[in-house]
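One letter stands for each residue in the lines below.
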Amino acid sequence: FSHHIYITAMHPYERLSLDTVGYIVAIWLMSLHLWMLIKPTESKRFLIKLPRNRVIAPWLMGAGMFWFWLLIAPSGLGPLSKLQMDLGEFNQAKSLLRIIIPIAAVGMITQVKEFLAVRGLGLLALMAAAPLLYGAYLEPPISRLLIPIYAYAMIFGGLFWVGMPFTLRDLITYVTKTEARYRASAIAGFSYGVAVLICAILWW
């Protein structure tokens, strides 16, 4: 009975298993980089336009802000309250944040035109890193480090993309400058995804 109460009280992030997280990361990495390998011209064109893509920018920022709002959502909202997190000494600020976040989201989407897609992507990267780290936390296989390494890369990149969004533009410019560099980057990303998938199948 006490074990059931403990499981029920666990945050959804804490219920994620290492293999589940591994499959998600593997599918994401393999799909993205396989697209880059199979459709180099199309994918390169999309990536170059991404930093100033005003079509998907509001969706990326809106999704990131909404995800963050779910972490501080009030109780009693059914599925919308599932991701609510304990913020410790910052719990008292939740009620204020629930008002500020939607206002900030609307302000960003309507007023920020420059690199909004990059900022939204950076926010999503920061949000997505947490469940990955929870899934790999205290797991025994040393191969689990593939997940935290990727998660911390997301955090590092996300912080730069939110605060200095031109860094993603510069990275895309560097990677797409030559065909060899672009293909090497795609192969490296795809190989990392394959490594994660193999570990998830065999050891996680």
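Scope of this entry: the structure provided in the associated data block. What you see is a predicted model, and the numbers here were worked out from it, not measured in a lab.

Observations regarding the pattern of salt bridges
And then number 1: Within this structure, the stated rule accounts for three salt bridges.
And then number 2: The salt bridge involving Arg52 is made with Glu114; its shortest N-O contact spans 2.7 Å. One end of the pair, Arg52, is in the loop between helix 3 (40-49) and helix 4 (57-71); the other, Glu114, is in the loop between helix 5 (94-111) and helix 6 (116-136), and 62 residues separate them in sequence.
And then number 3: The class for Glu114 is partly exposed, based on a relative accessible area of 37%.
And then number 4: In this structure, Asp170 engages Arg169 in a salt bridge whose closest nitrogen and oxygen atoms are separated by 3.0 Å.

What about the packing of aromatic side chains?
And then number 1: Enumeration over the complete set of coordinates arrives at four aromatic pairs.
And then number 2: Consider the rings of Tyr13 and Tyr134, whose centres lie 5.9 Å apart with planes at 50°: the pair is tilted. Here Tyr13, found in the loop between helix 1 (2-9) and helix 2 (18-38), pairs with Tyr134, found in helix 6; they are 121 residues apart in sequence, far enough to count as distant.

Notes on the packing of helix 6 against helix 7 (residues 146-163)
And then number 1: Remark: helix 6 packs on helix 7, axes separated minimally by 8 Å, with the N-to-C direction vectors making an angle of 155°. When the interaxial angle is binned, helix 6 and helix 7 end up roughly antiparallel. For the element pair helix 6 and helix 7, the recorded crossing hand is left-handed. Every residue of helix 7 that contacts helix 6 at Val118, Arg119, Leu121, Gly122, Leu123, Ala125, Leu126, Ala128, Ala129, Leu132, Leu133 and Ala136 is listed here: Ile147, Pro148, Tyr150, Ala151, Tyr152, Met154, Ile155, Gly158, Leu159, Trp161, Val162 and Gly163.
And then number 2: Partitioning the contact of helix 6 with helix 7 into residue classes produces 20 nonpolar, three polar and one charged.

Notes on helix 6
And then number 1: The terminal C-alpha atoms of helix 6 lie 31 Å apart, and with 21 residues this matches the ideal 30 Å at 1.5 Å per residue to within 8%.
And then number 2: With 15 of 21 residues buried, helix 6 is to be regarded as a mostly interior element.
And then number 3: Looking one or two residues past helix 6, Leu138 carries a phi angle of roughly 60°, positive in sign.

What about the side chain of Ser143?
And then number 1: In this structure, Ser143 sits in the loop between helix 6 and helix 7.
And then number 2: Relative accessible area serves as the criterion here: at 17%, Ser143 is assigned to the buried category.
And then number 3: Look past the residues within four positions of Ser143 in its chain and what remains in contact with it is Cys199, Trp203 and Trp204.

A few points about helix 2
Note: α-helices contain 3.6 residues per turn, so residues at a spacing of three or four share the same orientation.
And then number 1: Spanning 21 residues, helix 2 covers 29 Å between terminal C-alpha atoms, matching the ideal 30 Å at 1.5 Å per step.
And then number 2: Leu18, Val21, Gly22, Val25, Ala26, Leu29, His33 and Met36 are the residues of helix 2 that are buried. Angularly, the buried residues of helix 2 cover 125° about the axis, an arc narrow enough to put them on a single face. Turned more than 90 degrees from where helix 2 packs its buried face, Ile24, Ile27 and Ile38 sit exposed.
And then number 3: If you follow the buried residues of helix 2, they end up packed against helix 3, helix 6, helix 7 and helix 9 (179-202).

A word on a nonpolar patch on the surface
And then number 1: Taken together, Tyr23, Ile27, Ile198, Ile201, Leu202 and Trp203 make up a surface patch of nonpolar side chains, about 650 Å² in accessible area.
And then number 2: Of all the secondary-structure elements, those providing two or more residues to the nonpolar patch are helix 2 and helix 9.
And then number 3: Of the residues forming the nonpolar patch, the biggest block, three residues, is contributed by helix 9.
And then number 4: Within the secondary structure layout, Leu202 lies in helix 9.

Thoughts on the environment of Leu83
And then number 1: Tracing the backbone shows Leu83 in the loop between helix 4 and helix 5.
And then number 2: On the basis of relative accessible area, Leu83 is assigned to the buried category, the value being 19%.
And then number 3: Excluding residues that lie within four positions of it along the chain, Leu83 makes contacts with His11, Pro12, Tyr13, Trp67, Leu70 and Leu71.

Rules behind the numbers
Residues numbered from 1 in each chain as written. Predicted model: local features only at pLDDT ≥ 70, side-chain atom pairs only at ≥ 80, totals over all residues. Heavy atoms only, no water. Salt bridge = Lys/Arg side-chain N within 4 Å of Asp/Glu carboxyl O. Helix = DSSP H or I, 4+ residues; strand = E, 2+ residues; numbered from the N terminus. Buried < 20%, exposed > 50% of the residue type's maximum accessible area, 1.4 Å probe, protein only. Phe/Tyr/Trp six-rings, centres within 6.5 Å; stacked < 30°, edge-to-face > 60°. Axes fitted to C-alpha atoms, helices over the stretch in contact; angles between N-to-C directions. Parallel < 35°, antiparallel > 145°, perpendicular 65-115°, else oblique. Left-handed = near helix turned anticlockwise from the far one by under 90°. Contact = heavy atoms within 4.5 Å. Nonpolar A, V, L, I, M, F, W, Y, C, P; charged D, E, K, R; others polar. Expected span 1.5 Å × (residues − 1). Arc of directions from axis to C-beta. Patch = residues over 30% accessible without salt bridge, like charges linked within 9 Å, V, L, I, M, F, W, Y side chains within 5 Å. Areas by Shrake-Rupley, 256 points an atom, 1.4 Å probe, with all protein chains shown as cover.

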